[in-house]
Amino acid sequence: MSGTLNKVMLIGHLGDEVKMHYFEGGNCIGRFPLATNETYTNRQTGERVTNTDWHNIVVRNKGAEICEKYLSKGDKVYVEGRLKNRQWQGEDGNTRYTTEVHVQDFTFLTTKKESMANAQSSDSGSSSSNYHEPSNNQGSAAPIDNTEEEDDLPF
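Quick summary incoming for the structure in this document. (Residues numbered from 1 in each chain as written. Predicted model: local features only at pLDDT ≥ 70, side-chain atom pairs only at ≥ 80, totals over all residues. Heavy atoms only, no water.)

Let us look at the pairing of strand E4 (residues 48-60). In terms of strand pairing, strand E3 (residues 28-41) meets E4 through 13 bridges, oriented antiparallel. Paired with Ala35 across the bridge in E4 is Trp54. Here E3 folds back onto E4 in antiparallel fashion, the turn holding six residues, of which Gly46 has a positive phi close to 80°. Strand direction decides the pairing type here: E4 and strand E6 (residues 95-110), joined by three bridges, are parallel. (Pairing = 2+ DSSP bridges. Helix = DSSP H or I, 4+ residues; strand = E, 2+ residues; numbered from the N terminus.)

The next point concerns the nonpolar core. Grouped together as the largest cluster of nonpolar side chains are 20 residues, with contacts concentrated most on Ile57 and Phe106. Broken down by secondary-structure element, the contributors of at least two residues to this core are strand E1 (8-14), E3, E4, helix H1 (61-70), strand E5 (76-89) and E6. Sort the elements by how many residues they give to this core and E6 lands first, with four residues. Apart from residues lying up to four places away in sequence, Ile57 is in contact with Leu10, Gly30, Arg31, Phe32, Leu34, Val79, Val101 and Val103. (Core = buried A, V, L, I, M, F, W, Y, C linked by side-chain atoms within 4.5 Å. Buried < 20%, exposed > 50% of the residue type's maximum accessible area, 1.4 Å probe, protein only. Contact = heavy atoms within 4.5 Å.)

So, about unusual backbone geometry. Here the phi dihedral of Asn61 falls at roughly 50°; this positive angle occurs in a residue that is not glycine. Exposure remark for Asn61: the relative accessible area of 11% places this residue in the buried category.

Position of Thr36 relative to the elements: it lies in strand E3. One polar contact links Thr36 to His55, side chain to side chain, over a distance of 2.8 Å. With residues up to four places along the chain from it excluded, the contact list for Thr36 reads Leu10, Ile11, Gly12, Asn51, Thr52, Asp53 and His55. (Polar contact = N/O pair within 3.5 Å; in protein donor to acceptor, adjacent residues only side chain to side chain.)

Across all of its chains, the model carries two aromatic pairs by this definition. Seen from their ring centres, Tyr70 and Phe108 are 6.3 Å apart, and the 50° between their planes marks the pair as tilted. A residue pair is termed long-range when its members are at least 10 positions apart, and Tyr70 in helix H1 and Phe108 in strand E6 qualify at 38 residues. Taking 5.3 Å as the distance between ring centres and 20° as the angle between the ring planes, the aromatic pair formed by Phe106 and Phe108 counts as stacked. On the accessibility criterion, Phe108 (3% relative accessible area) is buried. Taken together, Tyr70, Phe106 and Phe108 form an aromatic cluster joined through their ring pairs. (Phe/Tyr/Trp six-rings, centres within 6.5 Å; stacked < 30°, edge-to-face > 60°.)

Our next topic: the pattern of salt bridges. Per the stated rule, a full pass over the model turns up five salt bridges. The salt bridge partner of Glu80 is Lys7, with a shortest N-O separation of 3.2 Å. Highlighted residues: Glu80 in strand E5 and Lys7 in the segment before E1, separated in sequence by 73 residues. Taking the shortest distance from any N to any O, the salt bridge between Arg31 and Glu100 comes out at 2.5 Å. Residue Arg31 is found in strand E3, and its partner Glu100 is found in strand E6; the two are separated by 69 residues along the sequence. Overlapping salt bridges bring together Arg31, Arg86 and Glu100 as one network. (Salt bridge = Lys/Arg side-chain N within 4 Å of Asp/Glu carboxyl O.)

Another aspect to go through is the pairing of E3. Summarising the sheet, E1 and E3 pair through two bridges and their orientation is antiparallel. From the neighbouring strand, His13 faces E3, where its bridge partner is Ala35. In this structure, strand E2 (residues 19-22) lies alongside E3, joined through four bridges in antiparallel fashion. Residue His21 lies in a different strand from E3, and its bridge partner there is Ile29. With antiparallel pairing between neighbouring strands as the criterion, E2 and E3 make up a hairpin whose turn holds five residues, including Gly25 at a positive phi of roughly 95°.

This is how it looks when you write it as structure tokens:
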């Protein structure tokens, strides 16, 4: 096999609000921590054990603005992207390292606003919002529009 693959898919809960950073030229970046859980029963003690892993999520441009607008701490989201390692010099002079998930697609699974609206209307259906980061590197992004265009047919 000659190709390589760098793909990450996570479903988890936001650990904090989306933090935005804006750049000259109109581009922006949003960052937030995402918690994923693994639960199992300890065979020796019989108690349920939950392990939580934290992931550093990075969303760019229009996707970041959408996340900032609609997501809050505790919301459940599906993210798909690629791993990137980054290093920088800390204030103490030490080299720091981090691994981030750079998001290409995401789907809101639950948001606090939806959960509260569903609880008030006691509607059992759940809605979700999808987003796909365009693969071109022009820095502009737009949500996926799944509606079909109307034809100009006379009938």
